[in-house]
There are 2 protein chains.
Amino acid sequence: MGLTKTDLFSENQNEIATLARAIAHPARVAIIEYLLKVNTCICNAIVNELPLAQPTISQHLKELKNAGIIKGNIEGNAICYCINEPVFSKIQGLFRPILSTQNKCC
Amino acid sequence: MGLTKTDLFSENQNEIATLARAIAHPARVAIIEYLLKVNTCICNAIVNELPLAQPTISQHLKELKNAGIIKGNIEGNAICYCINEPVFSKIQGLFRPILSTQNKCC
DNA sequence: AAACTATATCGTAATATTGCAATATACATA
DNA sequence: TATGTATATTGCAATATTACGATATAGTTT
């Protein structure tokens, strides 16, 4: 198997899971943190910042881009990445119910 | 490979990634949402609530338990699960920096 | 004790993820 | 046009995840 049965769950649940998966790797957390820290579009910098090979970072960037968390703009022969503000705000909204609920049980 | 190089990243980054991974499946999102909704310890209910086989749910519960998101108390021959409040609060704190930062770029 | 109920574990098949070397693509500059 | 720079894609090996049938464990009830 190894195949998540997404059709058995709500669209909202799948969306949260997909976005959580995009964050579910330390390299991708590091990329997000870095982009938030510098608060600007950066190009080559990420490859120098992380201790992983260039193809590996490119792959992680692709996943973050697929999830809509970051976006890339072509800038000459380089590509500038930055946080995709609208989607990122939406993520905050999606996670709020499960990360901000006060639980009074136990 | 297929082996995340956790030693190359900070403890904080790995912690966020691990917790995100625990949320990164719609069944586990559904379990968390359900526990927050009923706001009480429940036992057998989860197996009836989700459209997956009992061993599969047991496996997902184990992962949530390992991540510290839920806890289980033995109650007769049943086991009552509920949100692990202290850890859940900690998660909120861990995610706040990357999910609450205002980004002014682009 | 025997039967029932609730949950966990084992074993296994299918699929996904991670990481990187090699290579390709695309633009810039000499 | 040749060379350099930046990023993406391909291909592959190692490992992880997902799902579930079969079975085990543990308490409960008859």
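Please refer to the structure higher up on the page.
Just so we're clear, the structure is a prediction, and the values are computed from it rather than from any experiment.

A. Summary view of the protein's contact with DNA strand C. Taken together, 32 residues form the shell around DNA strand C, and within it Met1(A), Gly2(B), Lys5(B), Gln54(B) and Tyr81(B) come nearest. The sugar-phosphate backbone supplies 64% of the atoms of DNA strand C found within 4 Å of the protein. Residue Arg28(A) places a side-chain N or O atom 3.1 Å away from a phosphate oxygen belonging to DNA strand C. Residue assignment for the surface near DNA strand C shows that the elements contributing at least two residues are α4 (54-66) of chain A together with α4 (54-66) and β2 (78-83) of chain B. For the surface near DNA strand C, the per-class residue count stands at 12 nonpolar, 13 polar and seven charged.

B. Structural context of the protein's contact with DNA strand D. Among the 32 residues in the neighbourhood of DNA strand D, the closest are listed as Gly2(A), Lys5(A), Gln54(A), Tyr81(A) and Met1(B). Sugar plus phosphate: this is where 60% of the atoms of DNA strand D within 4 Å of the protein reside. With respect to DNA strand D, the side chain of Arg28(B) contributes an N or O atom lying 3.2 Å from a phosphate oxygen. Ala53(B) places a main-chain nitrogen or oxygen 3.2 Å from a phosphate oxygen of DNA strand D. Split into classes, the residues belonging to the surface near DNA strand D amount to 12 nonpolar, 13 polar and seven charged.

C. Summary view of the relation of the copies chain A and chain B. Least-squares fitting of chain A to chain B yields an RMSD of 0.0 Å, with the transformation described by 0.0 Å of translation along the axis and a rotation of 180°. In the structure described here, the two chain copies are related by an operation that fits a two-fold rotation axis. When C-alpha distances to the rotation axis are compared across chain A, the minimum falls at Ala20(A), with a value of 2.5 Å. Most of the interface of chain A is mirrored in chain B, where 100% of its interface residues are also at the interface.

D. Representation of the side chain of Asn14(A). Summarising the element assignment, Asn14(A) is placed in helix α1 (residues 11-23). Given the relative accessible area of 14%, Asn14(A) is considered buried. From its side chain, Asn14(A) meets the backbone oxygen of Phe9(A) in a polar contact 3.4 Å long. In contact with Asn14(A), other than residues within four places in its own chain, are Thr6(A), Phe9(A) and Pro26(B).

E. How the structure looks around the pattern of salt bridges. Residue and element names in this part refer to chain B. Under the defined criterion, the tally for this structure stands at four salt bridges over all chains. Across the salt bridge formed by Lys90 and Glu15, the nearest N and O atoms sit 2.4 Å from each other. Taken together, the residues Lys90 in helix α5 (residues 85-100) and Glu15 in helix α1 (residues 11-23) connect sequence positions 75 residues apart. Under the relative-accessibility criterion, Lys90 is labelled partly exposed at 46%.

F. A look at the packing of helix α5 (residues 85-100) of chain A against α5(B). The contact between α5(A) and α5(B) brings their axes to 11 Å, and the two run at 170°. Judged by the inter-axis angle, α5(A) sits roughly antiparallel to α5(B). Every residue of α5(B) that contacts α5(A) at Phe88(A), Ile91(A), Gln92(A), Phe95(A), Ile98(A), Leu99(A) and Ser100(A) is listed here: Phe88(B), Ile91(B), Gln92(B), Phe95(B), Ile98(B), Leu99(B) and Ser100(B). Split by residue class, the contact of α5(A) with α5(B) holds 10 nonpolar, four polar and no charged.

Cut-offs and rules
- Residues numbered from 1 in each chain as written.
- Chains lettered and ligands numbered in written order.
- Predicted model: local features only at pLDDT ≥ 70, side-chain atom pairs only at ≥ 80, totals over all residues.
- Heavy atoms only, no water.
- Near = heavy atom within 4 Å.
- Polar contact = N/O pair within 3.5 Å; in protein donor to acceptor, adjacent residues only side chain to side chain.
- Helix = DSSP H or I, 4+ residues; strand = E, 2+ residues; numbered from the N terminus.
- Nonpolar A, V, L, I, M, F, W, Y, C, P; charged D, E, K, R; others polar.
- Least-squares fit on C-alpha atoms with pLDDT ≥ 70 in both.
- Contact = heavy atoms within 4.5 Å.
- Buried < 20%, exposed > 50% of the residue type's maximum accessible area, 1.4 Å probe, protein only.
- Salt bridge = Lys/Arg side-chain N within 4 Å of Asp/Glu carboxyl O.
- Axes fitted to C-alpha atoms, helices over the stretch in contact; angles between N-to-C directions.
- Parallel < 35°, antiparallel > 145°, perpendicular 65-115°, else oblique.

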